[in-house]
Amino acid sequence: MEAMHMVALEIRLLAEKADRELVMSGKNPDKLQAAGSFLMKVFGALAVKGPKRVGALYVTCQLFKIYFRLGTVNLCRSVIRSIETARNFDFEDFPVKDKVTYMYYTGRLEVFNENFLVADQKLTYALMHCNPQSESNLRKILKFLIPVKLSIGVLPRRTLLEKYNLLEYADIVTSLRRGDLRLLKQALDRHEDQLLKCGVYLVLEKLELQVYRRLVKKIHIIQREKEPSKAHQIKLEVLVKTLQWLGITMDVDEVECIMACLIYKNLIKGYFAHKSKVLVLSKQDPFPKLNGKPV
Amino acid sequence: MRTSRSLAVKKFCRTISSTGIQASDIRPLPVLRETMDYLWHLLNSSEYPFEIVHDFIFDRTRSVRQDLSIQNLVNDQAIGIYEDVIKFHILSHQRLARSCQDSDASSLCYLNTEQMMKCLLSLFDMYHTIHKINSQSNKEAEYYSFFVLLHMGCKIPKMANSLSFWYSQLPASIVRSKEMIFARTILRCYHLGNFKRFFCMIADEATELQLCLVEPFLNEVRARALMYLNHSGYKLQHHPLTHLSDILMIEELELEDLCRICGLEISRSGDTKAFAPKQTTFSLPTPLSKSSGIYISREIKR
């Protein structure tokens with residue numbers, strides 16, 4: 001098995017090197033793709049009954065790395081299908097290292113497809129079973145797990161972001177805590193390229209709804225302190241002024257649209273009165289917790 | 001004689017075996033360009049019903065693309081031809097949707113969108129190829145934005161990969177171009193339920209082709225807006241249709257029709273028509289009737 005591992009790894013690394021050289025001399029880099037085809041055949045040879053099959057996951061992970069590098073992630077599907085449905089494999093039999101890598105990559109695919117609950121399961125598994133000494137691997141997992149967690153309403157502590165050098169998420173987390181829409185937009189702008197490359201930009205962009213919710217909640221809290229009996233009624237004008245103070249120009253019609261959406265998606269309990277231009281919060285539990293369900 | 005050498009255009013042939021073809025069967029680039037120009041002229045001037053013209057051009061442009069791909073032609077002119085083919089599909093997309101009344105026509109729409117998608121993906125490959133030789137089309141950003149805008153339809157052909165993944169593979173200069181930012185922003189407004197900004201942006205910033213592309217989706221968007229407003233509004237404070245027709249940029253009479261299709265009853269008090277929220281009879285219709293674009297009443301300043 002070890003010999004096979006060595007061969008699989010070296011094939012990928014050599015092919016990557018070869019492609020780099022081909023590009024530099026102006027030729028078409030097709031070695032990595034060829035390595036992928038070769039490893040698929042290796043996978044086929046391992047996917048049989050018998051002791052050989054425990055090596056299949058390692059080869060799968062090499063294939064994942066190749067496909068992600070080449071941008072041909074749709075090819076992952078057939079391999080995943082073989083692993084997850086074939087009767088030859090019992091997932092528990094595979095070595096832990098391979099399982100962690102496998103869950104990391106399949107988790108990332110779920111993030112691309114916005115299946116946040118499944119992505120959460122897979123990436124969390126990878127996090128829990130990852131070697132605690134391997135900080136760079138933990139960082140890689142967290143890079144994708146954090147946006148997923150944010151979308152189901154779970155916020156990381158700043159100390160975590162600092163420990164693993166993931167401070168690009170710091171402002172986004174702060175904006176969620178504060179309901180600071182301007183900060184969210186600035187953070188997304190500043191790190192746009194990086195976040196787009198990782199495929200998490202759209203996930204984070206959707207957090208906007210949660211930030212609005214937090215903003216409304218803060219206004220509610222302030223009103224409750226000033227005049228408890230009327231606290232559950234929020235004039236849409238107040239929202240417009242608050243947003244203006246944050247440097248965001250929105251008219252009352254826009255605010256009404258967004259409130260209608262927040263209520264529909266059960267982020268806020270209540271209703272809006274169109275003519276009076278008032279948002280009326282439910283007196284009981286107007287801001288239901290997300291409870292681990294994505295918005 | 002019913003046709004002539006100067007009028008006849010080569011048909012699309014589904015199965016081509018490489019043994020049967022001769023070099024003289026494949027049209028070279030200048031001929032393909034002339035063919036495109038001819039087809040384009042037909043599109044704008046034919047007296048036949050649109051479905052027939054569409055059908056003809058659909059087939060013949062497919063044949064043009066086939067000849068291009070057999071010859072593996074990837075250069076400025078080939079790209080120009082592909083861009084024109086996509087333009088045809090987009091204009092058809094709009095016109096077919098406007099006349100779509102029955103299931104036959106709606107399957108025409110679907111097939112058109114499917115072909116448009118294939119064409120776009122081939123075009124993107126071509127853009128990618130010419131980038132390597134430091135060339136680019138000046139229409140790139142707009143054509144990339146079409147791919148994003150197609151994600152607004154719910155009946156579009158299934159796309160293999162997610163939008164997130166697609167963005168991750170694009171150069172930053174494309175993703176941050178004006179046309180792409182427009183497409184990304186209105187898609188975001190759509191998901192956020194910010195219909196006011198959605199329609200305002202389309203009215204202010206969409207290019208002609210972008211507008212044609214999104215037009216068939218607009219009534220679906222409006223129906224969703226009605227759904228949110230109906231769900232979240234206060235029962236006793238009716239939503240006047242005049243106001244709604246401004247926000248959703250639709251003629252009031254058309255809005256009334258739309259409300260009825262969605263199962264919403266319109267109430268009347270004097271001159272004003274409105275709908276009362278919290279009606280349980282509401283349902284999102286699928287498939288939805290034709291849309292007819294952005295309508296801005298005279299009172300709104302543009």
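Residues numbered from 1 in each chain as written. Chains lettered and ligands numbered in written order. Predicted model: local features only at pLDDT ≥ 70, side-chain atom pairs only at ≥ 80, totals over all residues. Heavy atoms only, no water.

(A) Examining the overall build of chain B more closely. When you go through chain B residue by residue, the secondary structure sums to 13 helices and three strands. Every one of the 302 residues in chain B was classed for burial, and the buried ones make up 50%. On chain B, roughly 15200 Å² of surface is accessible, and the fraction owed to carbon and sulfur atoms is 51%. (Helix = DSSP H or I, 4+ residues; strand = E, 2+ residues; numbered from the N terminus. Buried < 20%, exposed > 50% of the residue type's maximum accessible area, 1.4 Å probe, protein only. Areas by Shrake-Rupley, 256 points an atom, 1.4 Å probe, with all protein chains shown as cover.)

(B) How the structure looks around the packing of aromatic side chains. The full count for this structure, using the stated rule, is 23 aromatic pairs over all chains. Relative to Y167(B), the ring of W166(B) lies with its centre 5.9 Å away and its plane at 50°, an arrangement referred to as tilted. Like W166(B), the residue Y167(B) is buried in the burial classification. Ring geometry for Y190(B) against F198(B): centres 6.4 Å apart, planes inclined by 45°, an arrangement best described as tilted. Summarising the burial analysis for this pair, Y190(B) and F198(B) share the class buried. An aromatic cluster of at least three residues, connected via ring pairs, comprises F64(A), F68(A), F91(A), F94(A), Y102(A), Y104(A), Y105(A), F112(A), F144(A) and F165(B). Positioned above the aromatic ring of Y167(B), the side-chain terminus of R184(B) is 5.8 Å from the ring centre. (Phe/Tyr/Trp six-rings, centres within 6.5 Å; stacked < 30°, edge-to-face > 60°. Lys NZ or Arg CZ within 6 Å of the ring centre and 35° of its normal.)

(C) Spatial organisation of the pattern of salt bridges. Within the structure shown, the criterion is met by 25 salt bridges over all chains. Two residues, E92(A) and K99(A), come together in a salt bridge whose shortest N-O distance is 3.3 Å. Residue K99(A) is classed as buried on the basis of its relative accessible area, which comes to 5%. Close ionic contact of R98(B) with E215(B) constitutes a salt bridge, the shortest N to O distance being 2.8 Å. You can see R98(B) sitting in helix α3 (residues 76–99) and its partner E215(B) sitting in the loop between α10 (208–214) and α11 (218–232), a full 117 residues away along the chain. We classify R98(B) as partly exposed; its relative accessible area is 42%. (Salt bridge = Lys/Arg side-chain N within 4 Å of Asp/Glu carboxyl O.)

(D) Seen up close, the sheet that holds strand β1 (residues 239–240) of chain B. Residue and element names in this part refer to chain B. If you walk across this open sheet you meet the three strands as β1-β3-β2, and the pairing is antiparallel. Of all the strands in the sheet, the pair left with one neighbour each is β1 and β2 (266–269). With four bridges joining them, β2 and strand β3 (residues 272–275) adopt antiparallel strand pairing. Across the sheet, residue S267 finds its bridge partner in β3, namely A274. (Pairing = 2+ DSSP bridges.)

(E) Examining the pairing of strand β3 (residues 278–281) of chain A more closely. Residues and elements named next belong to chain A. The side-chain alternation of β3 yields two buried faces, one formed by V278 and V280 and the other by L279 and L281. Across three bridges, the pairing between strand β1 (residues 233–235) and β3 is antiparallel. Considered in β3, the bridge of I234 is made with L279. In this structure, strand β2 (residues 270–273) lies alongside β3, joined through four bridges in antiparallel fashion. The residue of β3 that forms the bridge with F272 is L279. Linking β2 back to β3 in an antiparallel pair, the connection comprises four residues, with K277 at a positive phi of about 55°.

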